[in-house]
Amino acid sequence: MEGASYARMPRVKIRELKDDYMKFELRDTDASVANALRRVMISEVPTVAIDLVEIEVNSSVLNDEFIAHRLGLIPLTSERAMAMRFSRDCDACDGDGQCEYCSVEFHLRVKCITDQTLDVTSKDLYSSDHTVVPVDFSGGDPSSVESADGRGIIIVKLRRGQELRLRAIARKGIGKDHAKWSPAATVTFMYEPEIHINEDLMESLSLEEKREWIDSSPTRVFDIDPVTQQVSVVDAEAYSYDDEVIKKAEAMGKPGLVEITAKQDSFIFTVESTGAVKASQLLLNAIEIVKQKLDAVRLSEDTVEADDQFGELGAHMRGG
């Protein structure tokens, strides 16, 4: 935006909030900040996920690597992930799992002793830390598809005599390293649309032409009042920037019938969490990480200025 001030104070307004879903407005900023927030939520907010699996016994139909991969993709509650250490930075252990600062240990011991197929699920994983456990998707609803009777996520199915025994270590990580650490299922944003209808041109259309123009939009953005027969905007945010209504107006010989612009400083975000972190906490953690990155950039700029001012002396004082 030409002439826009860079000294902005972004504002967030929550529209809809659930544990695993959130819709909010981000205003008074530009696309660079909006996209930075989106990318940080997807790939830089840390969570805890199984990273090391030691299999003692596996007589199931799935090989060891397949089971280890499935275990890694099980979302674990990660409210305290921000406070945990990365195992590579932990000076209290050697990364073998026996450390309260950087890892959580899980055990799974299941054997099928009946003729009925036994489902081994995330509910069978026993954690050494009650704050880091597999996410419960049942939500207290016994009719839930994913967890019909609170069984959790299926890892493997066992028949009579088959057994699975293993030890797993969960560690802190970010989605940039592996998708299993990403706390977000989906994060999207769109520019908030601004729609203006030319009332004079609209009145020159017949009722049938108005309906035909409204139906040209793939989504329900416009509607017609059955009494006054006036066309109005019922859901501006349903507009998908496809220009279909603009093309239709031109085809009808009415260019300028509607004017649609995107607000360059207003965005609508939709966030879906994997369940590892609540959607609201995901946003707060992402904002905190963006702030840390900006502080790092500011510190870097100060360092460059110091080098310019003091030359080799400044670099020498930093050990350069």
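Since we're looking at a predicted model, the values are computed, not measured. (Residues numbered from 1 in each chain as written. Predicted model: local features only at pLDDT ≥ 70, side-chain atom pairs only at ≥ 80, totals over all residues. Heavy atoms only, no water.)

Topic: the overall build of the protein chain
Part 1 of the reasoning: Helix and strand counts for the protein chain stand at 7 helices and 12 strands.
Part 2 of the reasoning: Of all 320 residues assigned to the protein chain, the portion counted as buried reaches 36%.
Part 3 of the reasoning: Look at the contacts in the protein chain between residues 6 or more apart in sequence, and 72% of them connect residues 24 or more apart.
Part 4 of the reasoning: Per element, the accessible surface of the protein chain, about 18,300 Å² overall, is 50% carbon and sulfur. (Helix = DSSP H or I, 4+ residues; strand = E, 2+ residues; numbered from the N terminus. Buried < 20%, exposed > 50% of the residue type's maximum accessible area, 1.4 Å probe, protein only. Contact = heavy atoms within 4.5 Å. Areas by Shrake-Rupley, 256 points an atom, 1.4 Å probe, with all protein chains shown as cover.)

A few points about the packing of aromatic side chains
Part 1 of the reasoning: Taken as a whole and judged by the stated rule, the model has 6 aromatic pairs.
Part 2 of the reasoning: Centroid distance F24 to F269: 4.8 Å. Interplanar angle 10 degrees. Geometry classified as stacked. Linking F24 in strand β2 (residues 21-27) with F269 in strand β12 (residues 258-273), this pair joins segments that are 245 residues apart in sequence. Here F24 and F269 have matching classes, each one buried.
Part 3 of the reasoning: Ring geometry for F189 against F267: centres 5.6 Å apart, planes inclined by 90 degrees, an arrangement best described as edge-to-face. Taken together, the positions of F189 in strand β9 (residues 184-197) and F267 in strand β12 put the pair 78 residues apart, joining distant regions of the chain.
Part 4 of the reasoning: In this structure an aromatic cluster arises from ring pairing among F24, F189, Y191, F267 and F269. (Phe/Tyr/Trp six-rings, centres within 6.5 Å; stacked < 30°, edge-to-face > 60°.)

Observations regarding the environment of H196
Part 1 of the reasoning: Mapped onto the elements of the fold, H196 is located in strand β9.
Part 2 of the reasoning: Once the C-alpha coordinates of H196 and V258 are considered, the two residues, 62 residues apart in sequence, prove to be 5.7 Å apart.

Some details on a nonpolar patch on the surface
Part 1 of the reasoning: A cluster of nonpolar residues, V12, I14 and L17, forms a patch on the protein surface that exposes about 240 Å² of accessible area.
Part 2 of the reasoning: Mapped onto the elements of the fold, L17 is located in strand β1 (residues 11-17).
Part 3 of the reasoning: A residue is classified by how much of its surface remains accessible, and L17, at 48% relative accessible area, is partly exposed. (Patch = residues over 30% accessible without salt bridge, like charges linked within 9 Å, V, L, I, M, F, W, Y side chains within 5 Å. Salt bridge = Lys/Arg side-chain N within 4 Å of Asp/Glu carboxyl O.)

Re the sheet that holds strand β4 (residues 103-111)
Part 1 of the reasoning: Here we have 4 strands laid out as an open sheet, ordered β3-β8-β4-β6, and antiparallel in their pairing. Lying at the two open borders of the sheet, with one neighbouring strand each, are β3 (47-58) and β6 (126-127).
Part 2 of the reasoning: Sheet topology places β4 next to strand β8 (residues 163-173); 9 bridges connect them, and they run antiparallel. If you follow E105 over to β8, its bridge partner there is I169. (Pairing = 2+ DSSP bridges.)

Considerations on the nonpolar core
Part 1 of the reasoning: Counting 23 residues, the largest nonpolar core has I50, L71, L76, F106 and L108 as the members making the most contacts within it.
Part 2 of the reasoning: At the level of elements, β3, α2 (64-72), β4, β7 (154-158) and β8 are the ones that each hand at least two residues to this core.
Part 3 of the reasoning: V187, F269, A276 and L283 belong to the second largest nonpolar core, which has 21 residues in total. (Core = buried A, V, L, I, M, F, W, Y, C linked by side-chain atoms within 4.5 Å.)

Thoughts on the confidence of the model for the protein chain
Part 1 of the reasoning: On average, residues of the protein chain score 88 in pLDDT, and 88% of them reach the 70 mark or higher.
Part 2 of the reasoning: In the predicted structure, residues 142-148 sits below a pLDDT of 50 and forms 9 contacts with residues beyond four places in sequence or in another chain. (pLDDT = per-residue confidence, 0-100.)

Focus: the side chain of K172
Part 1 of the reasoning: Along the chain, K172 falls in strand β8.
Part 2 of the reasoning: No salt bridge forms around the buried K172; measuring N to O, its nearest opposite-charge neighbour D89 is 7.8 Å away.
Part 3 of the reasoning: A distance of 2.7 Å separates a polar atom in the side chain of K172 from the backbone oxygen of M84.
Part 4 of the reasoning: Once residues within four sequence positions are removed from consideration, K172 is found in contact with P46, T47, V48, A81, M82, M84, R85, F86, C102 and W181. (Lys, Arg positive; Asp, Glu negative; His and termini not counted. Polar contact = N/O pair within 3.5 Å; in protein donor to acceptor, adjacent residues only side chain to side chain.)

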